[in-house]
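Chain by chain, the residues run as shown.
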Amino acid sequence: MTDIGLQYLCDLVNQQQSDTLLVADEHLDSTTLLSLKAHEQLTLLSNRYDVYIAATENNITCIFNDMDLSELNRKFDLILYRVSKEKAIVHHIINQAPAALKDHGQFILCGFKNEGIKTYISKAELYFGEKADISKGERQLKIARFNPHALGEALDDRDYKQLSQIEAPGKIEIFSKPGQFGWNKTDQGSLLLVDALKEFIHEQTEPPGNVLDLGCGYGLLSIMAWNLGAAKIIATDNNAAAIYSCRKNFQHHHIIGEVIADDCAASIHHQYDMVLCNPPFHRGFDTEKDLTEKFVRSASHHLKNSGTAFVVVNQFIPIEQIAALHFKCIEVEKQNKSFKVVRLSS
Ligand SMILES: C[S@@+](CC[C@H](N)C(=O)[O-])C[C@H]1O[C@@H](n2cnc3c(N)ncnc32)[C@H](O)[C@@H]1O
């Protein structure tokens, strides 16, 4: 289904001839984004590596970073932003907008009622020190236009740029930050995978050699595999905040290896003794099976013939069926009401 908010902003962008910045957070539909007409004065800011690569291939100037407008080193006549799912990101973008606008520049914010757009507009009005010019689009889309000048108190962005230690099992020191999947908690699916991994490693004569953490987030699985004796770990993710946090965790735990921004390890051309993966899912969208398949396929490409992959998914994902396209051996190692962990090998 088309995202009306994003489509509205893309249509506006396509009519612009001035210095324009479109801020595109990770949940936006990349197909709609790529319908943008490239022009010299358009910049796209994305925290998704796949969007950055695709936009660049379509000749759209795109910057990949963790939503840091100051890194763009320039000012815009117009900044457009479709609100994100995570409040901390929305506040972080609103806070940065004035400094990234030229004098008399305009900031356009849009979203729907159930996304909290009314509250965001009120908060931005207080911060910018002026009333927004508000209009409505299709299906009650709210569009607010601001010409920010007098700045009030910045919105609470939960210290967006700061890494902080989060609660983790076994008092392991883990750093994370807003802007990525479940940034301040440990995923129950990942913990189930770690249980399966511990049992597997205890049954082996040697610890795993080289490990690929596919869709690493802030690096929980990498840290656990390292503590279980892995020799070297390559961790990869599509999201800029995840890469930033994971690098910090590699440094903190002295993990030998590398953290690489990539789309499902597409540019990594090595094979590993072990692949660990907790793939993303979007319940309710028909892409969820495709997304799981993309990760399972990548796991099989990156696994040595003698290697083992562990993948954890929600119970409703038919992982056995999906994995059978790429692996000969598929064992459900652990499961509970919500998740199942499969061990895959060829
Ligand atoms: C369910 S989370 C798991 C995170 C982490 N492994 C953990 O256990 O906490 C899925 C991760 O996949 C990442 N991801 C989504 N699409 C991706 C892609 N195309 N390539 C690589 N990583 C991706 C997300 O950014 C997210 O960090």
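Residues numbered from 1 in each chain as written. Predicted model: local features only at pLDDT ≥ 70, side-chain atom pairs only at ≥ 80, totals over all residues. Heavy atoms only, no water.

Caption draft 1: Molecular detail of the site of the ligand. Residues in contact with the ligand amount to 17 residues; listed here are only the nearest, Ser190, Gly215, Asp237, Asp263 and Cys264. Ser190 places a side-chain nitrogen or oxygen 2.4 Å from an oxygen atom of the ligand. Measuring from a nitrogen atom of the ligand, one finds a backbone N or O atom of Gly215 at 2.8 Å. When the ligand is considered free in solution it has 590 Å² of accessible area, and contact with the protein chains removes 92% of it. Across the shell around the ligand, the residue classes break down as 7 nonpolar, 6 polar and 4 charged. (Near = heavy atom within 4 Å. Polar contact = N/O pair within 3.5 Å; in protein donor to acceptor, adjacent residues only side chain to side chain. Areas by Shrake-Rupley, 256 points an atom, 1.4 Å probe, with all protein chains shown as cover. Nonpolar A, V, L, I, M, F, W, Y, C, P; charged D, E, K, R; others polar.)

Caption draft 2: Spatial organisation of the sheet that holds strand β11 (residues 232-237). Here 7 strands make up an open sheet; going across it, the order is β12-β11-β10-β13-β14-β16-β15 and the pairing mixed. Unpaired on one side and paired on the other, β12 (257-261) and β15 (329-335) mark the two borders of the sheet. In this sheet, adjacent strand axes meet at a mean angle of 15° when their direction is disregarded. Both strand β10 (residues 210-214) and β11 contribute to a ladder of 5 bridges, which runs parallel. Along β11, the bridge assignment pairs Val211 with Ile233. Relative to the sheet, helix α6 (residues 188-203) contacts β13 (272-277), β14 (303-314), β15 and β16 (339-345), its axis offset from that of β14 by approximately 145°. The strands touched by helix α8 (residues 240-252) within the sheet are β11 and β12, with β12 carrying the most contacts at an inclination of about 175°. (Pairing = 2+ DSSP bridges. Helix = DSSP H or I, 4+ residues; strand = E, 2+ residues; numbered from the N terminus. Axes fitted to C-alpha atoms, helices over the stretch in contact; angles between N-to-C directions. Contact = heavy atoms within 4.5 Å.)

Caption draft 3: A look at the sheet that holds strand β1 (residues 20-24). Strand order across the open sheet formed by 7 strands is β3-β2-β1-β4-β5-β7-β6, with mixed pairing between neighbours. Taken across any chain shown, the strands that pair with only one partner, and hence form the sheet edges, are β3 (61-64) and β6 (133-136). Here the average twist between neighbouring strands, direction ignored, is 20°. Direction of pairing for strand β5 (residues 101-111) relative to strand β7 (residues 142-146): antiparallel, over a ladder of 5 bridges. Counted as the bridge partner of Cys110 is Ile143 from β7. On the sheet, helix α3 (residues 49-57) packs against β2 (42-46) and β3 and is oriented at approximately 160° with respect to β3. Relative to the sheet, helix α4 (residues 87-100) contacts β1, β4 (76-82) and β5, its axis offset from that of β5 by approximately 160°.

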